[in-house]
Amino acid sequence: VGDRHERIPVRLEADPSGIQTLVLEKEIRMRDAKKWTTEKPSVYRLTANLSSGPTVLEKRYATFGLRVVDWANGSFMLNGKTHPIRGVLYQPNFPAGLAGAPDKKMAVKDMADIKAMGFNMVRAHLKPLTG
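Residues numbered from 1 in each chain as written. Predicted model: local features only at pLDDT ≥ 70, side-chain atom pairs only at ≥ 80, totals over all residues. Heavy atoms only, no water.

Q: In this structure, what is going on with the pairing of strand β2 (residues 55-64)? I would like to understand it.
A: Sheet faces and side chains relate simply in a regular strand, where the side chains alternate between the two faces. Across nine bridges, strand β1 (residues 44-52) lies against β2 in antiparallel orientation. Residue pairing in the sheet places Asn49 in a bridge with Lys59 of β2. Between β1 and β2, which pair antiparallel in sequence order, lie two residues; one of them, Gly53, sits at a positive phi of approximately 65 degrees. (Pairing = 2+ DSSP bridges. Helix = DSSP H or I, 4+ residues; strand = E, 2+ residues; numbered from the N terminus.)

In structure tokens form, the structure reads like this:
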């Protein structure tokens, strides 16, 4: 996570039925972790490898942010502070791909323009932005 890497070795014994299930829970402590905010969306990446000896059989990634979300007294709360929601529906029409921006630069510009107009929530209609 972040700049810290921690390896957790797990040994699985062969199951004669051919079905193996393992649930592994591990608490990862993060020092100086930054909370995700709309102004500074700090994100972290978790990588999990399934290996057999030196061979990596499968690799999975998860990107996540750390935040506290709540609803109190009729207001949305983010990290303990009232956070008014100002949302917009993003329903683009790009001739080449209809709902998808033809390149990442255009998608990033659209999101920057939406933020500059004062919106802090976007509902992407038909196809969410990727990239």
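From this point, things continue past the structure.
Q: What am I meant to see in the layout of surface pockets here?
A: Where empty space is left can be seen by rolling a probe of water-molecule size over the atoms. Of the voids in this model, the second largest pocket is the one considered here, and its volume is about 440 Å³. In this structure, the second largest pocket is lined by 20 residues; those nearest its centre are Trp36, Thr38, Phe119, Asn120 and Met121. The class makeup of the residues in the lining of the second largest pocket is 12 nonpolar, four polar and four charged. (1 Å grid on protein atoms, 1.4 Å probe; cavity = no way out; pocket = protein on both sides within 12 Å on 5 of 7 lines; lining within 4 Å. Points joined across faces, edges and corners; volume = space filled by probe spheres on them. Nonpolar A, V, L, I, M, F, W, Y, C, P; charged D, E, K, R; others polar.)

Q: It is not clear to me how the sheet that holds strand β5 (residues 81-82) should be interpreted in this structure. Could you clarify?
A: The strands making up a sheet associate through backbone hydrogen bonding, with each pair oriented either parallel or antiparallel. The three strands are arranged β3-β4-β5 in an open sheet whose pairing can be described as antiparallel. One side of each edge strand has no neighbouring strand; the edge strands of this open sheet are β3 (69-72) and β5. Two elements, strand β4 (residues 75-78) and β5, share two bridges in a ladder whose sense is antiparallel. Looking across to β5, one finds that Leu78 is bridged to Lys81.

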